[in-house]
Amino acid sequence: MLSLALLAFVLSLVATLWVRRLFQRWARGYDLDAPQRFHAGDTPRMGGMGMLLGWTLALAALPLLQGIGMAGNIDGTRLHFSLWLLMLLPAFAGGVVEDLTQRLRVSSRMLLTLISGLLAWALLGVSVPQLGFAWVDGLWGAWPGLGMALAVLAVTGLPHAFNIIDGYNGLAGSVALVVCLALAHVALQVGDRELAAVAVTLAAATAGFLVWNYPRGLIFAGDAGAYLWGLLIAVLSLLLVQRHPIVSPWFPMLLLIYPVWETVFSIYRKLARGDSPGMADALHLHQLVYRRLVRSVLHEDEAQSLLKRNNRTTPYLWGFMVLSVAPALLFWRYSAVLLAFCVLFAVCYVWAYLSLIRFRVPRVLQPPRE
């Protein structure tokens, strides 16, 4: 497992640098008045390609590693690696087109991720067989189509959730890295070394990308990178719960509650204003943290520099990861506890969001007074 991770890290590290140089001439920044623009200059958005190369080449090299006596306890025949790649193809290709041209419509990208979601169901058999509560699982099991539909919805929606939180250097990448390691930990607990290998390899490929992305922002993950994280993590989560009933379906839900709730809350507030949920704005939590917290504790010249290197926003959001990842790892078998923490996270998120939007910075987030 460690040899596989090291190989994925090195391959992603090199591939991401190569992709950055190759697509530097293609780098096209957002319009200057785009609400989601928080960087200066034109930065390549092809980090997803580097991560895909690192993840793919490392897993493809698994037979070679086993041939020299490494990674021998992983059954490569259970990975169905070619099916994973086929599932990724539609959405990832659409993400690449968007990263290069920024002209692919939101509806087209949604359709492509839906196709990938349907392929995940058709090729890998993903489903949600139970909800973790006996009083509803009997009814749920009588309608298997509900589990299939929920699985397709999860695979379709999570890539866009990662795309929403991919606003500052290292934010989405650090979330993906931690979630993958948590999934690998539980997969090893239940003896599923194959799913653990996929998760660890993706985590290592993400780490290779983060070397160039955080803190300097030399390359962005782009839509393709967000779709890669979302699709693979969604399928990993579904297969882990599906193969091992001891794992609560609320375990991956709590792990991913930050991007999921960010998406749900964003849809709600846009609809409440009468706007389209697909319309970009600058009112996501990480953007409010940047405007209300990070800039407020810096001098003006430092704030101008922060527009070029926005990495100081990300550590503020790591606290939300702690609120979800720590209890998820502690209580991955107990649905009621996990559900309670999901509700607690939602309450804390709304409280923090309303405090920031009303210019009332919570005391725990304020910098120390001199």
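Everything below is about the structure printed above this text.
All chains use their own residue numbering, which begins from 1 and follows the written sequence. Reporting in this predicted model follows two pLDDT cut-offs: at least 70 for local features of residues, and 80 or more for side-chain atom pairs to be given and counted; totals over whole chains, interfaces and linings ignore these cut-offs and use all residues. Where side-chain values are given, they derive from all heavy atoms of the structure, hydrogens and water being excluded.

J.: Even after reading the chapter, I still don't get the overall build of the protein chain, so can you show me in this structure?
T.: Each helix and strand counted, the protein chain has 16 helices and zero strands in total. Looking at the protein chain as a whole, 51% of its 370 residues qualify as buried. Taking the intrachain contacts of the protein chain between residues at least 6 apart in sequence as the baseline, contacts between residues at least 24 apart amount to 77%. Here, Shrake-Rupley sampling with a 1.4 Å probe gives the accessible areas, and only protein chains in the shown set may cover a residue. A total accessible area of about 16700 Å² is found for the protein chain, and carbon and sulfur atoms account for 67% of it. Only DSSP runs of H or I with at least four residues qualify as helices, and only runs of E with at least two residues qualify as strands; both kinds are numbered from the N terminus onward. Throughout this description, buried means an accessible area under 20% of the type-specific maximum (1.4 Å probe, protein chains only), exposed means over 50%, and partly exposed covers the range between. Pairs of residues are marked as contacts when any of their non-hydrogen atoms sit within 4.5 Å.

J.: Is there a simple way to think about a nonpolar patch on the surface in this case?
T.: Candidates for patches are residues over 30% relative accessible area with no salt bridge; among them, like charges are joined within 9 Å and nonpolar side chains (Val, Leu, Ile, Met, Phe, Trp, Tyr) within 5 Å. We count a salt bridge whenever a side-chain nitrogen from Lys or Arg sits within 4 Å of a carboxyl oxygen from Asp or Glu. On the surface, Leu111, Leu114, Ile115, Leu118, Trp121 and Met148 cluster together into a nonpolar patch covering about 500 Å² of accessible area. If one sorts the elements of the nonpolar patch by residue count, helix α5 (residues 106-124) sits on top with five residues. Along the chain, the position of Trp121 falls in helix α5. Trp121 gets classed as partly exposed once you look at its relative accessible area, which sits at 39%.

J.: Sorry if this is basic, but what is going on with the pattern of salt bridges here?
T.: Enumeration according to the criterion identifies four salt bridges in this entry. Its salt-bridge partner being Arg45, residue Asp223 comes within 3.2 Å of it at the nearest N-O pair. On the criterion of sequence distance, the pair formed by Asp223 in helix α10 (residues 222-243) and Arg45 in the loop between α1 (2-22) and α2 (47-60) is long-range, its members being 178 residues apart. Take Asp223 and Arg45: they sit in the same class, and that class is buried. One network of salt bridges, with partners in common, ties together Arg45, Asp99, Arg109 and Asp223.

J.: How should α2 be read in this particular structure?
T.: Every α-helical turn comprises 3.6 residues, leaving residues that sit three or four positions apart pointing alike. Between its terminal C-alpha atoms α2 stretches 20 Å, which fits the 20 Å expected from 14 residues at 1.5 Å a residue. When you tally the buried positions in α2, you get 10 out of 14 residues, the bulk of the element. All of the buried residues along α2 are Gly47, Gly48, Gly50, Met51, Leu52, Gly54, Trp55, Thr56, Ala58 and Leu59. Contacts made by the buried residues of α2 are with α1, α3 (62-67), α4 (81-101), α9 (193-213) and α10. Under the convention used throughout, the expected extent of a helix is 1.5 Å for every residue step, that is, one less than its residue count.

J.: Can you help me understand the nonpolar core in this one?
T.: What tends to happen in soluble globular proteins is that the nonpolar side chains get buried as a cluster. Of all hydrophobic cores here, the largest spans 98 residues; its most connected members are Trp55, Trp84, Phe162, Trp229, Ile233 and Phe251. In terms of residue count, the dominant contributor to this core is α10 (15 residues). When sequence neighbours within four positions are dropped, the list of residues in contact with Phe162 reads Ala172, Val175, Ala176, Ala226, Trp229, Gly230, Ile233 and Leu256. Here, nonpolar core means buried Ala, Val, Leu, Ile, Met, Phe, Trp, Tyr and Cys residues that are tied together by side-chain atoms lying within 4.5 Å of each other.

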